[in-house]
Amino acid sequence: MSRLYIAGKTAIHIFSMDLDTGALTEVADPVEQDTAGSFMALSADGNILYSIAKSSKGAAAFSIDKTSGHLSFINSVSCDLSGGAHIATTSDGSVGVVLTAAYGAGGVNVVKIRSDGGLQEVEPGTCKQHGAGSNVYQPAKGNEQEQAHPHSCFIDSSGKWALVSDLGQDKVYVYAIDVAAGKLTEHHVVNTAPGAGPRHMCFHPTNKWVYGINELDNTINVYEFSSSGTVVGKTLQTISTLPDGYNNRDHSNAKNANGEPASGPNRPEQTNATADIHITPDGRFVYGSNRGHDSIVYYAVGSDGLLKLENFTFVRGEHPRAFSIHPSGKWLLVANQDSNNVVVFKLDPSSGALTFSGTEVKVKSARCIKWHTEESSGQCSLCSMI
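Scoring rules and cut-offs
Residues numbered from 1 in each chain as written. Predicted model: local features only at pLDDT ≥ 70, side-chain atom pairs only at ≥ 80, totals over all residues. Heavy atoms only, no water. Core = buried A, V, L, I, M, F, W, Y, C linked by side-chain atoms within 4.5 Å. Buried < 20%, exposed > 50% of the residue type's maximum accessible area, 1.4 Å probe, protein only. Helix = DSSP H or I, 4+ residues; strand = E, 2+ residues; numbered from the N terminus. Contact = heavy atoms within 4.5 Å. Pairing = 2+ DSSP bridges. Axes fitted to C-alpha atoms, helices over the stretch in contact; angles between N-to-C directions. Polar contact = N/O pair within 3.5 Å; in protein donor to acceptor, adjacent residues only side chain to side chain. Phe/Tyr/Trp six-rings, centres within 6.5 Å; stacked < 30°, edge-to-face > 60°.

Caption draft 1: Highlighting the nonpolar core. Of all hydrophobic cores here, the largest spans 31 residues; its most connected members are Ile12, Leu49, Leu71 and Leu119. The set of elements that each furnish at least two residues to this core consists of strand 1 (2-7), strand 2 (12-17), strand 4 (36-42), strand 5 (48-53), strand 6 (58-64) and strand 7 (71-78). One finds Phe15, Trp331, Leu333 and Val342 within the second-largest nonpolar core, a separate group that totals 16 residues.

Rendered as structure tokens:
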């Protein structure tokens with residue numbers, strides 16, 4: 001059995017999963033303290049779960065009972081910048097910090113962690129405010145880029161670097177993390193294509209490359225990566241997440257991966273928007289989610305880190321906001337927000353192919369999946385809110 005936490009918009013659900021069959025069983029009542037949910041992160045030792053907290057306009061901390069998996073509320077704090085979309089955490093072994101990407105207010109918050117795993121009150125001046133938007137996508141009509149919109153904050157395995165994808169600015173910020181001081185220092189900024197709308201990222205296990213999925217132009221960028229020097233280097237490849245011939249402007253005729261009318265996002269200039277991205281533990285396959293085409297696209301990873309399109313899998317629902325690969329690399333779970341379901345797929349480690357396991361469960365506004373292990377990586381992020 002394996003334990004996992006699944007978040008809706010304002011609640012956290014606790015499940016166990018049978019690793020032989022993929023069956024999911026809810027093992028406790030949902031946690032709704034401070035309307036927690038949306039996005040979650042685990043401390044490196046797996047003892048504390050952190051979450052976006054909508055009521056406090058900040059973040060919340062919960063202790064985890066390692067026997068039952070039940071959550072006990074510790075505290076919540078307000079952040080200087082509201083509208084949290086993503087949360088991540090890291091530690092230097094003695095002290096730690098939580099970072100939240102504030103999509104709504106256009107910046108990044110830094111919150112120090114107390115000795116009991118709870119959150120300290122936010123210190124003035126520690127947040128990083130981003131500037132104006134690029135105004136490339138849909139100017140003056142449902143503009144997604146009228147201002148900065150940091151969508152996520154991913155921390156590398158060294159715990160030294162935070163990569164913040166700003167959808168509103170078409171930029172990826174690289175911040176050096178000073179855990180002891182609870183501060184971020186801008187190292188450099190990477191520009192994406194105008195109107196790309198960077199959203200989420202994942203690191204190759206060799207730490208040679210990092211992959212970024214772009215929400216607005218439905219692409220994935222492959223970047224050089226190093227834990228020193230420039231950190232995020234040149235863009236090696238940009239590849240589409242959609243099949244050849246898919247018309248991302250034709251709302252009347254666009255079809256999803258099951259041949260049915262595309263479900264969204266119904267923006268004036270888009271029938272599909274990407275969401276999440278992950279890589280298998282062995283680094284052989286990269287997966288991305290399409291909302292509208294309602295698919296998981298997957299690619300083989302070459303020896304040079306570049307991607308080769310393999311196939312698309314229908315997610316058996318609508319609006320796959322997030323998904324997660326089990327640490328074994330043998331299961332992939334999809335959180336379909338608009339159809340309120342989580343679907344379990346078997347993952348073939350040799351081919352990367354996905355097969356429906358026969359299991360799906362209802363979770364209202366499903367949007368985040370987090371596996372709980374004895375030593376959960378504080379640098380691993382699995383979902384999003386916006």
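So much for the structure itself; the text now carries on.
Caption draft 2: Geometry of the environment of Tyr298. You can see Tyr298 is positioned in strand 22 (residues 295-301). As a C-alpha pair, Tyr298 and Ile277 span 21 residues in sequence and 9.7 Å in three-dimensional space. Setting aside anything within four residues of it in sequence, one finds Tyr298 in contact with Phe285, Val286, Tyr287, Lys308, Leu309, Glu310, Asn311, Thr313, Ser351, Gly352 and Ala353.

Caption draft 3: Region of interest: the sheet that holds strand 18 (residues 219-225). Pairing is antiparallel in the open sheet, where 4 strands are placed in the order 16-17-18-19. Two strands lie at the open edges of the sheet, namely strand 16 (198-203) and strand 19 (232-240), each paired on one side alone. The average angle at which neighbouring strand axes cross in this sheet is 25°, direction not considered. Looking at chain direction, strand 16 and strand 17 (residues 209-214) are connected through 5 bridges and run antiparallel. Bridging across to strand 17, Pro198 finds its partner in Asn214.

Caption draft 4: Spatial organisation of the side chain of His326. Along the polypeptide, His326 turns up in the loop between strand 24 (320-325) and strand 25 (331-336). Residue class for His326 comes out buried when judged on its relative accessible area of 7%. Only 2.9 Å separates the side chain of His326 from the side chain of Ser328, close enough to count as a polar contact. Those residues in contact with His326 that sit more than four places away from it in its chain are Ser2, Leu19, Pro281, Trp331 and Trp371.

Caption draft 5: Geometry of the packing of aromatic side chains. Counting across every chain of the model gives 5 aromatic pairs. For the ring pair Phe345 and Phe356, a centre distance of 6.2 Å and an interplane angle of 65° mean the geometry is edge-to-face. Of this pair, Phe345 sits in strand 26 (residues 341-347) while Phe356 sits in strand 27 (residues 354-362), placing them 11 residues apart in sequence. Residue classification places Phe345 among the buried residues on the basis of a relative accessible area of 2%.

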